[in-house]
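# Overview (structure and organization)
Chain by chain, the residues run as shown.
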Amino acid sequence: MEFAKPAEIFDRDVEWAELVRFASDDRQGATLGVVSGRRRQGKTLLLYELARSTQGFYFGATEATSAESLRRLGEALGRYTAAPSPLHLADWPSAVDALLALGRDRPVTVVIDEFPYLARASRDLPSVIQHALTPGRIERTGSRTRLLLCGSALSFMGGLLAGSAPLRGRAGLELPVAPLDYRAAARFWGIDDPLLAARVFAIVGGTPAYRREYVQDDAPDGPTDFDDWVVRAVLNPARPLFREARYLLAEDPDLRDTALYHSVLAAVADGNGTRGGIAGYIGRKATDLQHPLTVLEDAGLLTREPDPLRSGRSRYLIAEPLISFYQAIMRPAWTALEQRRGADVWRRSQRRYAAAVLGPAFEEIVRQWALRFAAPDTLGGIVAEASAAVLTDPASRTSVELDLVAFGEPPMGDSPRPLLAIGEVKWGRTLGMVDLERLTRARDLLTSRPGLDARHVRLVLVSGSGFTDDLQRRAGGDQDVVLVDPARLYQGG
């Protein structure tokens with residue numbers, strides 16, 4: 001059955017199609033789906049509209065005792081079934097069976113939003129659902145309920161179907177709802193200028209809610225309005241976005257030692273991406289950081305990116321741009337910002353914003369472009385992995401940092417892995433022949449590296465400030481030299 005995506009939902013075509021496929025499955029037997037993602041990504045809107053479109057049942061859980069949640073659920077079920085009075089649900093086994101009973105006559109979407117609230121108050125609830133969905137159990141086989149559990153606590157939701165968790169093997173849908181990519185975010189904000197779009201994305205990323213409720217639909221009115229917009233929409237204590245980065249940490253129940261987690265994030269925002277660098281920044285031993293780093297990863301606030309050129313080495317990146325902006329710009333000047341001196345703080349933070357926020361965000365945009373939008377002809381093939389890397393030059397005993405290392409699809413057997421491109425990315429500097437020569441040297445080093453096929457590596461130079469005439473002439477006559485400006489990042493391949 002076809003269910004058109006409501007006009008209120010921007011983008012999310014893939015997510016909507018997967019949810020509709022799951023909800024409209026006409027086969028006999030109740031099924032389970034899990035939807036997860038950080039807060040403010042539009043999960044609730046997606047699921048509410050799905051339930052409404054399919055005439056299903058939606059229940060939004062709150063922080064409450066088990067008894068209160070059962071009472072609220074019984075009241076909601078009574079209204080949905082037009083019962084003369086609220087349903088009495090004695091316990092969670094009877095509540096789950098009541099949800100399965102909704103699907104006796106047809107496929108019925110049943111959404112339990114913010115499921116972690118219920119599970120924290122009733123820790124055996126996942127096991128209760130596991131038992132209810134036991135193969136051969138009449139309550140399951142006689143039902144076509146399409147049960148969707150949704151949550152924003154990523155550490156909890158990530159473990160719901162993992163390892164020996166009770167629900168492992170029970171779900172027919174596992175759907176993450178990620179932030180919008182940088183191109184979709186520009187369209188959502190209504191920004192046509194690629195330079196302006198990149199500057200805004202570096203602060204608010206692709207979280208849909210930050211476009212509406214959090215800034216009251218206030219978007220920069222062109223490049224000349226950007227600085228004023230930052231002051232009035234982000235650094236303004238009267239706007240919800242002002243404290244949002246702090247709340248992102250406070251909302252996850254696994255992030256108990258917030259001072260430590262803020263320090264770890266501050267270290268990463270200041271350019272300390274290795275475990276040793278983070279340890280030195282916060283004054284802890286590297287061995288003491290395993291737990292906080294794992295917790296921040298599980299919460300979706302940090303990502304660990306292995307270095308493809310150095311086995312066993314990796315770096316940490318902040319997953320939410322707003323947190324990078326908060327740690328680099330807002331947290332050090334919090335008192336001044338609370339005193340409404342945002343304009344002064346922003347004026348003296350320009351260099352730090354460019355170095356700690358905009359530069360890294362622009363590099364990540366380039367890597368996403370290589371993975372998702374670059375044409376195969378541009379980089380010499382389909383990119384399967386794109387990251388930053390560090391290459392050691394044995395002749396000079398120095399390290400060469402590469403902002404982009406793009407690999408092709410993994411080969412069969414013992415064939416060397418195809419390296420498609422390496423790149424230099426700079427937001428605020430014009431790139432020239434010196435930068436090309438540096439990449440050429442790096443390519444020469446990689447050509448002799450075992451396990452890599454670097455014979456056809458493209459040299460990619462990306463700048464937000466342009467390229468010298470010499471470099472442009474060279475690129476015009478050499479297909480292995482690729483120049484990429486913001487317009488191509490946002491509109492081309």
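Summarised in this report is the structure supplied together with it. (Residues numbered from 1 in each chain as written. Predicted model: local features only at pLDDT ≥ 70, side-chain atom pairs only at ≥ 80, totals over all residues. Heavy atoms only, no water.)

### Considerations on empty space enclosed by the protein
Here the structure, examined in full by the defined rule, presents three cavities of 30 Å³ or more. Lining the largest cavity are 15 residues, and of these Arg39, Ser152, Ala153, Glu251 and Asp252 sit closest to its centre. The set of elements that each furnish at least two residues to the lining of the largest cavity consists of helix H5 (115-121) and helix H12 (241-251). Looking at which element gives the most residues to the lining of the largest cavity, the answer is H5, with three residues. Residues of the lining of the largest cavity, tallied by class, amount to eight nonpolar, one polar and six charged. Its boundaries defined by the atoms lining it, the second largest cavity holds a volume of some 90 Å³. Residue assignment for the lining of the second largest cavity shows that the elements contributing at least two residues are helix H4 (92-101), H5, helix H6 (125-132) and strand E4 (145-151). (1 Å grid on protein atoms, 1.4 Å probe; cavity = no way out; pocket = protein on both sides within 12 Å on 5 of 7 lines; lining within 4 Å. Points joined across faces, edges and corners; volume = space filled by probe spheres on them. Helix = DSSP H or I, 4+ residues; strand = E, 2+ residues; numbered from the N terminus. Nonpolar A, V, L, I, M, F, W, Y, C, P; charged D, E, K, R; others polar.)

### A short note on helix H16 (residues 321-330)
Extensive coverage of H16 is indicated by the burial of 10 of its 10 residues. Within H16, burial applies to Pro321, Leu322, Ile323, Ser324, Phe325, Tyr326, Gln327, Ala328, Ile329 and Met330. The backbone nitrogen of leucine 322 has a side-chain oxygen 3.1 Å away, supplied by the residue at the start of H16, namely glutamate 320. (Buried < 20%, exposed > 50% of the residue type's maximum accessible area, 1.4 Å probe, protein only. Polar contact = N/O pair within 3.5 Å; in protein donor to acceptor, adjacent residues only side chain to side chain.)

### With respect to the sheet that holds strand E1 (residues 31-36)
With parallel pairing, the five strands of this open sheet are ordered in space as E2-E3-E4-E1-E5. Each of the sheet's edge strands pairs with one partner strand only, and the pair in question is strand E2 (57-60) and strand E5 (171-176). Averaged over all pairs of adjacent strands, the angle between their axes in this sheet comes to 15°, without regard to strand direction. In terms of strand pairing, E1 meets E4 through six bridges, oriented parallel. By the bridge assignment, glycine 33 is partnered in E4 with leucine 148. Packed on one face of the sheet, helix H3 (residues 66-80) meets E2 and strand E3 (108-113) and runs near 155° to E2. (Pairing = 2+ DSSP bridges. Axes fitted to C-alpha atoms, helices over the stretch in contact; angles between N-to-C directions. Contact = heavy atoms within 4.5 Å.)

### Here's the deal with the side chain of aspartate 435
Here aspartate 435 shows up in helix H21 (residues 433-447). When its relative accessible area of 8% is taken as the criterion, aspartate 435 is described as buried. Reaching out from aspartate 435, the side chain makes a polar contact with the backbone nitrogen of glycine 432 at a distance of 2.9 Å. Residues contacting aspartate 435, with those up to four places away along its chain left out, are Glu424, Arg429, Thr430 and Leu461.

### Considerations on the packing of aromatic side chains
Applying the stated criterion to the full structure yields 17 aromatic pairs. Plain terms: the ring middles of phenylalanine 115 and phenylalanine 156 are 6.2 Å apart, the flat faces sit at 45° to each other, and that makes the pair tilted. On the criterion of sequence distance, the pair formed by phenylalanine 115 in helix H5 and phenylalanine 156 in helix H8 (residues 154-160) is long-range, its members being 41 residues apart. With a centroid separation of 6.3 Å and an interplanar angle of 80°, the aromatic rings of phenylalanine 325 and tyrosine 353 are classed as edge-to-face. With phenylalanine 325 in helix H16 and tyrosine 353 in helix H19 (residues 350-372), this pair connects stretches of sequence that are 28 residues apart. Of the residues examined, phenylalanine 325 reaches a relative accessible area of 0% and is grouped as buried. Three or more aromatic residues joined by ring pairs form one cluster here, namely Trp189, Phe226, Trp229, Phe325, Trp346 and Tyr353. Taking the ring centre of phenylalanine 407 as reference, the NZ or CZ of arginine 417 above it sits at 4.5 Å. (Phe/Tyr/Trp six-rings, centres within 6.5 Å; stacked < 30°, edge-to-face > 60°. Lys NZ or Arg CZ within 6 Å of the ring centre and 35° of its normal.)

### Quick word on the nonpolar core
If you look at the biggest cluster of nonpolar residues, it comprises 90 residues, and the most contacted ones within it are Ile203, Trp229, Val234, Phe325, Tyr353 and Leu489. By residue number, the principal contributor to this core is H19, which donates 10 residues. Apart from the residues lying within four places of it in its own chain, the contact partners of phenylalanine 325 are Ile203, Val230, Val234, Leu235, Met330, Trp346, Tyr353 and Val357. Listed in part, the 36 residues of the second largest apolar core include Leu32, Leu100, Leu149 and Leu167. (Core = buried A, V, L, I, M, F, W, Y, C linked by side-chain atoms within 4.5 Å.)

### A short note on the packing of helix H9 (residues 182-189) against helix H10 (residues 194-204)
For the pair H9 and H10, interaxial distance at closest approach is 10 Å and the crossing angle is 100°. It follows from the interaxial angle that H9 and H10 lie roughly perpendicular. Listed contacts from H10 to Tyr182, Ala185, Ala186 and Trp189 of H9 are Ala197, Val200, Phe201 and Val204. (Parallel < 35°, antiparallel > 145°, perpendicular 65-115°, else oblique.)

### What about the pairing of strand E8 (residues 385-393)?
Burial within E8 is extensive, with seven of its nine residues counted as buried. Linking E8 to strand E9 (residues 398-407), which pair antiparallel, is a turn of four residues; within it arginine 397 sits at a positive phi near 55°.

### Quick notes on H10
In terms of burial, H10 is a largely internal element, nine of the 11 residues being buried. Among the residues of H10, Pro194, Leu196, Ala197, Ala198, Val200, Phe201, Ala202, Ile203 and Val204 are the ones counted as buried. Considering only its buried residues, H10 is in contact with H9, helix H11 (226-234), H12, H16, H19 and helix H23 (486-491). At the N-terminal boundary of H10, the capping side chain belongs to aspartate 193, with an oxygen 2.9 Å from the backbone nitrogen of leucine 195. Remark: glycine 205 follows H10 within two positions and exhibits a positive phi of approximately 60°.

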